[in-house]
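# Per-entry structural report
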Amino acid sequence: MVPGPVANAAEPAPLLAFGARVAGDDARTRVVVEFDRKPDFSIHYVANPIRVVVDLPETAFGLKAESLEPRGLFEAIRYGGMGAGSSRLVLSAKGPVAVTNAEVIEEEGGKSYRLVIDAEKVDQPRFDALLGDQQWTGSVVAAKTDRPTIAPAEKGSAFVIAIDAGHGGIDTGAIGGATKTEEKHVTLAFAQELVATLSRESGIEAFLTRDKDVFLSLPQRVQIARNKGANLFISIHADTLKQKDIRGATVYTISDKASDHLAADLAQRENLSDEIAGVPLQSEPAEVADILIDLTRRETQAFSVNMARTVVSSFEGQINLINNPHRHAGFRVLQAPDVPSILLELGFMSNKDDEKLLLDPEWRKKVSGLLAVAIKRYRDQAVANGG
């Protein structure tokens, strides 16, 4: 008899990274991460800026923030989930580096394992050679799953809305000034509330681009919306500024020229999400990269502006808005050519009053309700105008 397949085999639990440390100087630096089980890993290099990328299986990072505080050769160290059962550690270097040794050492008869990474300073030609010799797609997800097709799905009778919780996984986003809460958790909590609110509306179908703490590249977010035939794309964020007295919500639309310095600076920060996660920018699909100069998106842009103005109108007198609350800049996450898109900054996590509201479930319900009113108003206008 031929044995049958094993039914519903349980997925392996994520690894646990429970300890870490960094030691060294500007010539040599060692990074050590402790795991509960033996981790498989691979190491790659990314240029502009220079980073060492360590890909891991899905990992729960139970680390103290100070344990991976950058020093020596590295000016920033980030870690988190990358989707498709994978996680990543990104070491941003001050200059050209090379990993001279990387190994896993068993501790106490298999009770724990140490991943030890030794790096040293090298010259630019040596780093360029390391880059040229490696074979790497730049994306763990792309290596494990089929890339979604860019062609949009056909739209059905329901008005379909993609709700995009900004940041996630390795990309934490802004950090709360008082509570140190990470933006990725604030945006997901609000996005979930908004989808629940919209799902109670007749004729509206809302979905999340991400429903857990996982990294999605900016082009992936655009693709998910298009693949599901979205009529509208709303990306949720919460900003931070050095000026702690500035507060209130802002609605952004896409433009090749920023409306002001605040919009330009925000777009620059938000567009770094893929870089933070160690994704080379050249891996972006050509169609998405060229959207800003694509004249076919003019009609879509007009619908986006209409949506932004409708949101501002719904919010006025109900929640705090900054001066000139509708602004625009070159946000890569708003680049779908055929899906009207806005980026909603709910408030400033650098302002203690805004931060308190952003963490308040009742405030989330109130704002979600106001946003749902704006969406229904926009939907009625868009349908009437053939949108």
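Predicted model, so just to flag it, every value in this text is computed and none were measured. Sequence order sets the numbering: in each chain, residues are counted from 1 along the sequence as written. In view of the model being predicted, local features appear only for residues whose pLDDT reaches at least 70, and side-chain atom pairs are presented and counted only at 80 or more, with totals across whole chains, interfaces and linings using the full set of residues. Heavy atoms from the whole structure form the basis of all side-chain values; hydrogens and water molecules are not counted.

## With respect to the confidence of the model for the protein
- The predictor's confidence in any single residue is recorded as pLDDT, a number from 0 to 100. Averaged over all residues, the pLDDT of the protein equals 86, while 86% of them reach at least 70.
- By definition in these notes, contact holds between two residues if any of their heavy atoms fall within 4.5 Å. Low confidence marks residues 1-9, where pLDDT is under 50. Its contacts with residues over four positions away, or in another chain, come to zero contacts.
- Throughout residues 140-153 the model reports pLDDT below 50, and contacts reaching past four residues in sequence, or to other chains, amount to 30 contacts.

## Description of the packing of helix H3 (residues 183-199) against helix H10 (residues 361-384)
- Here an angle of 0 to 180 degrees is reported between the N-to-C directions of two axes, which are lines fitted to C-alpha atoms, with helices fitted over the stretch in contact. By the criteria applied, helices consist of DSSP H or I runs no shorter than four residues and strands consist of E runs no shorter than two, each listed in order from the N terminus. Running from N to C, H3 and H10 point in directions that differ by 50°, and their axes come no closer than 9 Å. Relative to H10, H3 is oriented oblique. The way H3 lies across H10 gives a crossing that is right-handed. For the pair H3 and H10, contact is made by Ala189, Phe190, Glu193, Leu194, Thr197 and Leu198 and by Arg364, Lys365, Val367, Ser368, Gly369, Leu371, Ala372 and Ile375, respectively.
- Its residues assigned to classes, the contact of H3 with H10 shows eight nonpolar, three polar and three charged. We call two directions roughly parallel when the angle between them is under 35 degrees, roughly antiparallel when it is over 145, roughly perpendicular when it lies between 65 and 115, and oblique otherwise. Handedness of a helix crossing follows the sense of rotation of the near helix relative to the far helix, less than a right angle counterclockwise being left-handed and clockwise being right-handed. Under the scheme applied here, ten amino acids are nonpolar (Ala, Val, Leu, Ile, Met, Phe, Trp, Tyr, Cys and Pro), four are charged (Asp, Glu, Lys and Arg), and all others, including Gly, are polar.

## Details of helix H5 (residues 261-270)
- Each residue is placed in one exposure class: buried if its accessible area under a 1.4 Å probe, protein chains only, is under 20% of its type's maximum, exposed if it is over 50%, and partly exposed if it falls in between. The set of residues buried in H5 consists of Leu262, Ala263, Leu266, Ala267 and Glu270. Seen end-on, H5 carries its buried residues on one side only, within an arc spanning 130°. In H5, the exposed residues that point more than 90 degrees away from the buried face are His261 and Gln268.
- Each polar contact in these results corresponds to two N or O atoms within 3.5 Å; when the atoms are within protein, one needs to be able to donate a hydrogen and the other to accept it, and residues that are neighboring in sequence are counted only if both atoms are side-chain atoms. The opening residue of H5 is aspartate 260, an N-cap whose side-chain oxygen sits 3.0 Å from the backbone nitrogen of leucine 262. Working note: the arc is built from the helix axis to C-beta atom directions.

## Remarks on the packing of aromatic side chains
- Stacked, tilted and edge-to-face are the three classes assigned to paired rings of Phe, Tyr and Trp, where Trp is represented by its six-membered ring and a pair needs centres within 6.5 Å; plane angles under 30 degrees give stacked, over 60 edge-to-face, the rest tilted. In this structure the tally under the stated criterion is four aromatic pairs.
- Centroid distance phenylalanine 61 to tyrosine 79: 4.8 Å. Interplanar angle 40°. Geometry classified as tilted. Of the two residues, phenylalanine 61 is situated in strand S5 (residues 59-61) and tyrosine 79 in strand S6 (residues 74-83); the sequence distance between them amounts to 18 residues.
- Residue tyrosine 79 is classed as partly exposed on the basis of its relative accessible area of 22%.
- Relative to tyrosine 378, the ring of phenylalanine 159 has its centre 6.3 Å away and its plane inclined at 65°; by these criteria the two rings are edge-to-face. Placement of the pair is phenylalanine 159 in strand S10 (residues 159-165) and tyrosine 378 in helix H10, with a sequence separation of 219 residues.
- Of the residues examined, phenylalanine 159 reaches a relative accessible area of 7% and is grouped as buried.

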